[in-house]
Every structure is written in structure tokens, then in C-alpha cells.
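Spelled out, the chains give:
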Amino acid sequence: MAASPHREMWEKLNLDIEAHDGLLEVLGKFYGDIYLSQEGRLGGMEYLDFVLSEVHGLRIREIQDARAAGKKVIGSFCVFVPEELTLAANAIQVGLCAGADAGKEEAEKLVPRNTCALIKSFIGFKLARICPYTESCDLIIGETTCDGKKKAYEAFGELVPMHVMEVPQQKNACDRTLWKSEILRYKDRLEALTGNTITAENLKKGIRIINDRRRALQRLNALRAAVPAPISGRDVLLINQVSFYDDPIRFTESIGKLCDQLEERIQKKEGIVPESTPRLMLSGCPMAVPNWKLPYIVEGSGAVVVGEESCIGTRNTRDLVDESGQTVEEMIDAICDRYMKIDCACFTPNTERLENIADMAKELKADGVIHYALMFCQPYAHEAFKVEKALREADIPMLSIETDYSMEDAEQLKTRVEAFVEMVS
Amino acid sequence: MIAGIDIGSRSVELVVTDGEKIIRQAKAATTFDPLSQVKKLLGELRPERIVGTGYGRNLLADADLGTEVTTITEIKAYALGTHRLFPAARTVLDIGGQDTKAISLTNTGKVARFEMNDRCAAGTGKFLEHVASVFQIPVETFGDYALEGDEVLSINSMCTVFAETEATSLMAQGQRPQNIALGLHASVVRRTANMLRRVGLEFPLVFAGGVARNRCVIRLMQDALSGEPLIPEEPDMVGAYGAALHGSRL
Ligand code: SF4
Ligand code: SF4
């Protein structure tokens, strides 16, 4: 690879240059195979191609410039971390991706081998020094969503500056009280870190920006429900993934433009696939960049993905924060309420997720649902049974898949997915 | 003339149909060059269409066979083949070389649900082949050998390698080898019975795939499921037959 103009910056961030070059090369190849090879993509996707090609370059440069100007950077792993507050404190929030096997062996020295790939990956990325986002963070926010993460943050916290938020596991009044106090604790931590006070004015703005981003993604999700599907599932997944680290205002604008193009396409009844293509919805664990394995297999098997019931998908965009609050207190309450609606599998009981999945599948006119759990992920593996039951009652076929980031099961996955596609066609 | 070709991990099967009739059935080892095997099986035949199935199906799609090639999964192929042979069948079990599949069928023969083993070979033909080789008995007669057992010894490990270790240590304890063999067969049956229950086992159940030739597995399966599986005359041809049937509908 030619010497990158960003090399000096990466060196400053203390990345392992050689390992990082290796990662970029794999990423580039993956991207070419999985994304650029698609036929009939929208012009608007060039924005994403550019963002992704510069994911470790220009965006990191922007972040470094912002840091040099005094801004703080917050990293997160979960959609529970309220970005509204982060923006109100004039900090930048990035989702740390953790979607590839890297530094796995090293990570297995700190966490048990039967830990999900996502956890191993975020630890591995840190240990292998290949993630410029992780290296740019002034603070990383963990959350006590599952036991795997909860315990992993104890080890991870020795490597990076951390703050762990306690996410409740039920949705009673006392749980809401706990969550609100956690949001306030995060607010204090942010204010201390940035030296900025969160005021009604900047919090209102923060809520607005993040809601706008959600609205743009909601619009996208509504448009893709058209028959024939106007955009591939891979592209929408990528858009969702990019939403976690690009500047939110720029992102919202670009997605707006893309949606305009989609509307034109829909009017002309143009699809990325023929009308008869089986439509599948993915549901389950988050798919962090560059975990594109399953969507790629699905769309390579003659189906199109029309929705992601996932944290990198509708779980992150379905609900908005009420914008009517005037005081900081009112807005914190609104934020609290909005986040308590998240139907993560870590909650017990979590029946709203079952309803949401069935409703979503119907709205998207999906012919079937693929439930995706990362191996060793207890919460989602458990819910797979319930989801299947709920979907069966709604007469929607479901295929349950448990996998990780490795390619060793790709052939078997293909057979299963293809058989499922045959079954629903 | 339509050819259905099933490229499995261990063997390649060919079924050629002409209208309703089967005009050729043949089988060969997969080897490292499955395509040459396919060509050998086809010989002079020039079918107007080839439908490939099995884990090697994409090899066919990419090869230049001078005929149109389509592919379907072995799940669909087994469902189609079974439904034609046994129209009343509601469940299909296929134990092949490396994969085990349980398929539940609707009353019109469509796939309603299916399960497949994941990365590991426990409970598949490969497992039996491996343990048979430890006993130095050809896998074809290993089932009969096990039927000479009079006590089902328990083998707890599902893993091929560890099951072998368990078998060896039972041998060292002086257990009758036939009983150990019986125990190994029972472990295969335990695993497949669970898979069948997960797809909602309903009878008639058709047991296909190469392992359906193993009389011991059949016997133990009857006991485990309290019901009699139906065995096709050529159990390992069902996939290739289903593929050919698919071809005749295109
Ligand atoms: S699955 Fe649950 S824990 Fe994981 S990112 Fe989503 S909300 Fe957070
Ligand atoms: S994928 Fe499952 S196990 Fe892994 S971090 Fe998320 S909830 Fe926890």
C-alpha cells in the first residue's frame, strides 16, 4: 500500500502501523467485494463509499482537529449512551465498532473464550492498537447491559478511561428512577470532563440534532419498504453503521439527499432487485462495522434485506425524544423515557420486542425473518426461542442463526440461508 | 432428459430422469476432483438441464458442462425427492457425510422448518466413518457389527475426537467392543432425535442419506422415536432425485 497521507497522524495516535495497514487492506477488499460490486446503486451512496474509504483518515483528522481545539471525544458500545447529552456538553460521540476478529488471542487472555465476538473484538482492537477511534477517546462509556460486557469493562477499564452506566434490567418505576440517576451521573461526568455546563439551550439543540438523525433514518426505513426494494439491505446497514461515527448534522443531510433519490426511484418503480425477490428482515444482535457476513450471504442467496431489527438498525431510531421540554429537568426526563423504551434483550421481561418484530415484519412486507445471535450471547440466544414462537403465531417464518465473525461456517450458513430463501419464495 | 447431481462431502450421486422415469442412477466417491467424477458419471449422456445440489452445488454452477445448470439446496432437494417417493411424509431426516438435516414438511410437501448441524461433525456419517476406522471395520458393516451388542454402553461425548477417546478407554476396561459400537451408534441417534424433535417431528418420517443404510441406526431410531422410519430403496439418491424433479418443473 502506498504511504498514506494520514500515517503521521496514526503514528501520533500510537497505532500499530503495520497491523493497521493490514486491517485497512482487508477492509478495502471486503468493501469492494460486498459493496462496490453491487449493480444499480444510487448515486448518493458515493457519500458512504467516501466516508468508509476515509473512515480512518479524514474523519479521524476532523476528530483530531476538534480535539486540538479543546473538544472531548466519547466512545460508546451501546445505544443506551445518550448522545443528546454528549452533544450538549459540546463533545463528540463515536460508536466503537468492534465488528471484526482482531487481537482475538490477546483478548482471550483477559476475557473467557466463550465470550461473544463483539466483546472480544473491542478488547482486541485496543490490545492490537488498530482502532484510531478507540485511541482518540477521552472517555469510553460502558453499560451493564449483559454480564459479558459488564465484566469485560472491568478488564477494559484498566486499558482506557472508562465510565460505566448502570442500565436497569426491568421497566418498573424504580428502574426508571435508577436510569434517571444514571443519566444525571453521566451528565456530571461529562461536565467535569469537558468543563462545559449542560444548559437547557444546548441540551435542546442536542436533542434536536439526534432526533433529526433518527427522523432521517426513519424516513429511509419507510422508503425501503417499497416493493420492489429500492435499496439493498447491505447499503442500509452501512448507513446505520456510519451513523455511529460520522458527524450527525452532515450525516442527516446526506441521508436526506439519498432519500430524495430513493423517492424518485420508487416513483419510477425502479428497484435494486426485481419485484419478485424474497424479502427478509434481520433481527437480533448488533452488526458493527465491518461485520457484513450475514447480510452479504443473504443478499447473495437471491433475497433482499428489507429491515434490521437491531441496535444498528431500528432499535436505535424507532423512538424519538419528546421535544417539548423547556427546562433541563424536563428534557432529562424526556431522554430518560425515550431510552427506557429500548427493547434490548437484556431486559426482563422484554415482550415489547416480540410485538415490535412482528409489526415491523408486517410493515416491511417481509417474507421471513432471520434471527441473528452472536455465539455466546445469552440474551439474544434466549430470545430467539420467543421470537420464533411469536412469529410463528403471526405466520411469519423465521430462521435462527448463531455465528461469529469468522468465516469458517460460511458454507453452512449459505446452505441454511439459501434453504430458507427457497422455503419462503 | 434431466440430471440431478448431488455433490456431498463423501460421494457424488447422479439421477437422470426422462419424463416420469428414472433412466440412470449412479454414484461415485467425491475425491478431490468432484467435477471429473461428475463428468465420469454423466458419460455420454447430454441432459438438457442439470440441477446441482449438495455442498458442492456451486462447483457445478461455475463449471462448463455444456448445459444449463441450476442449483438448489440439499434441504429443498431432499424435501422434493421425499415427497415424490412418500407423498404422505411429514418429516425427513437426512444423515449425510458431514451434515445432518431434519426437515419438517407441510402436507403438500413444502419445507416448513428445518435444522442443520453447525460446524461440527458429531452425529454425521463422518462420525461413524471415523469410529469404524478405529475399530478397523468397514463403515458399511459397522452397523451390523454393533447390532451384535447386547448392552448399550453410554458414550457421553458428542465430539468425534472425544467419543473416540471414550471408546478407547471403554476398550481398555475390557468392555465388549460390540457394546461400545452400539453405544457409539446410540449417541448418533440421540443427537438426531433431538434435532427431529426441534423441528416438530411428525410421522410418517422418512430417513434418507447414506447413513440410512445402517441397520443399527435404524433400529435404535425406532426405539428412540417410538415409531418406524420409512427408508427409501436408495436412501442416498433422494437428494439427486429431488434435484432432477426440480429440473423437470423449470
Ligand atoms: S443489544 Fe442491548 S446492549 Fe447491545 S448495543 Fe443494543 S441495547 Fe446495547
Ligand atoms: S452481543 Fe450479546 S453477549 Fe455480546 S455484548 Fe451484546 S448482549 Fe452482550
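Treat the numbers as computed from the prediction; the structure is a model and nothing was measured.

Peer 1: Could you give me a rundown of the domain arrangement of chain B, with the residues and numbers involved?
Peer 2: Residues and elements named next belong to chain B. When its domains are assigned, chain B resolves into domain 1 (1-86 + 234-249) and domain 2 (88-231). Look at where the C-alpha atoms of domain 1 and domain 2 centre, and you get two points 25 Å apart. Facing the 13 residues of domain 1 at the interface are 27 residues of domain 2. Roughly 1,700 Å² of surface becomes buried between domain 1 and domain 2 when both sides are summed, with 67% attributable to carbon and sulfur atoms. When the buried surface of domain 1 facing domain 2 is broken down by residue, Ile75, Phe86 and Pro235 rank first, second and third, together holding 38% of it. Its salt-bridge partner being Asp236, residue Arg213 comes within 2.7 Å of it at the nearest N-O pair. If you look at where domain 1 meets domain 2, you find eight residue pairs in polar contact (both at pLDDT 80 or more). With six residues, helix α3 (residues 74-85) is the largest single contributor of residues to the side of domain 1 that touches domain 2.

Peer 1: Provide a residue-level description of the sheet that holds strand β5 (residues 279-284) of chain A, including the pertinent values.
Peer 2: Residues and elements named next belong to chain A. If you walk across this open sheet you meet the four strands as β6-β5-β7-β8, and the pairing is parallel. The open sheet has two edge strands, β6 (304-309) and β8 (398-403), and neither has a second partner. Going across the sheet, the axis of each strand differs from the next one's by a mean of 25°, ignoring polarity. Along the sheet, helix α16 (residues 351-363) contacts β5, β6 and β7 (368-374); its crossing angle with β5, the most-contacted strand, is approximately 165°. On the sheet, helix α18 (residues 410-424) packs against β5, β7 and β8 and is oriented at approximately 170° with respect to β8.

Peer 1: Provide a residue-level description of the packing of helix α4 (residues 125-135) of chain B against helix α6 (residues 160-172) of chain B, including the pertinent values.
Peer 2: Two quantities define a packed helix pair, namely the angle between the helix axes and the distance between the axes. All names here are of chain B. Packing of α4 against α6 leaves a shortest axis separation of 10 Å and a crossing angle of 30°. By the angle class used here, α4 and α6 are roughly parallel. For the element pair α4 and α6, the recorded crossing hand is right-handed. Along the contact surface, α4 presents Phe127, His130, Val134 and Phe135, while α6 presents Thr160, Ala163, Glu164 and Met171. Taken together, the residues of the contact of α4 with α6 sort by class into five nonpolar, two polar and one charged.

Peer 1: Any chance you could break down the layout of surface pockets for me, citing the residues and the numbers?
Peer 2: What the largest pocket holds in volume is close to 1,200 Å³. For the largest pocket, the lining is made up of 35 residues, of which Glu388 and Ser400 of chain A together with Phe114, Glu115 and Arg198 of chain B are closest to its centre. Going through the elements one at a time, α17 (378-393), β8 and α18 of chain A together with β8 (111-116) and α7 (177-198) of chain B are the ones with two or more residues in the lining of the largest pocket. When residues of the lining of the largest pocket are assigned to their parent elements, the largest contribution, six residues, is made by α17 of chain A. Residue composition of the lining of the largest pocket, grouped by class: 19 nonpolar, four polar and twelve charged. In this model, the second largest pocket occupies a volume close to 850 Å³.

Rules of the game
Residues numbered from 1 in each chain as written. Chains lettered and ligands numbered in written order. Predicted model: local features only at pLDDT ≥ 70, side-chain atom pairs only at ≥ 80, totals over all residues. Heavy atoms only, no water. Domains from an automatic or database assignment. Contact = heavy atoms within 4.5 Å. Buried area = accessible area lost by both parts, 1.4 Å probe. Salt bridge = Lys/Arg side-chain N within 4 Å of Asp/Glu carboxyl O. Polar contact = N/O pair within 3.5 Å; in protein donor to acceptor, adjacent residues only side chain to side chain. Helix = DSSP H or I, 4+ residues; strand = E, 2+ residues; numbered from the N terminus. Pairing = 2+ DSSP bridges. Axes fitted to C-alpha atoms, helices over the stretch in contact; angles between N-to-C directions. Parallel < 35°, antiparallel > 145°, perpendicular 65-115°, else oblique. Left-handed = near helix turned anticlockwise from the far one by under 90°. Nonpolar A, V, L, I, M, F, W, Y, C, P; charged D, E, K, R; others polar. 1 Å grid on protein atoms, 1.4 Å probe; cavity = no way out; pocket = protein on both sides within 12 Å on 5 of 7 lines; lining within 4 Å. Points joined across faces, edges and corners; volume = space filled by probe spheres on them.

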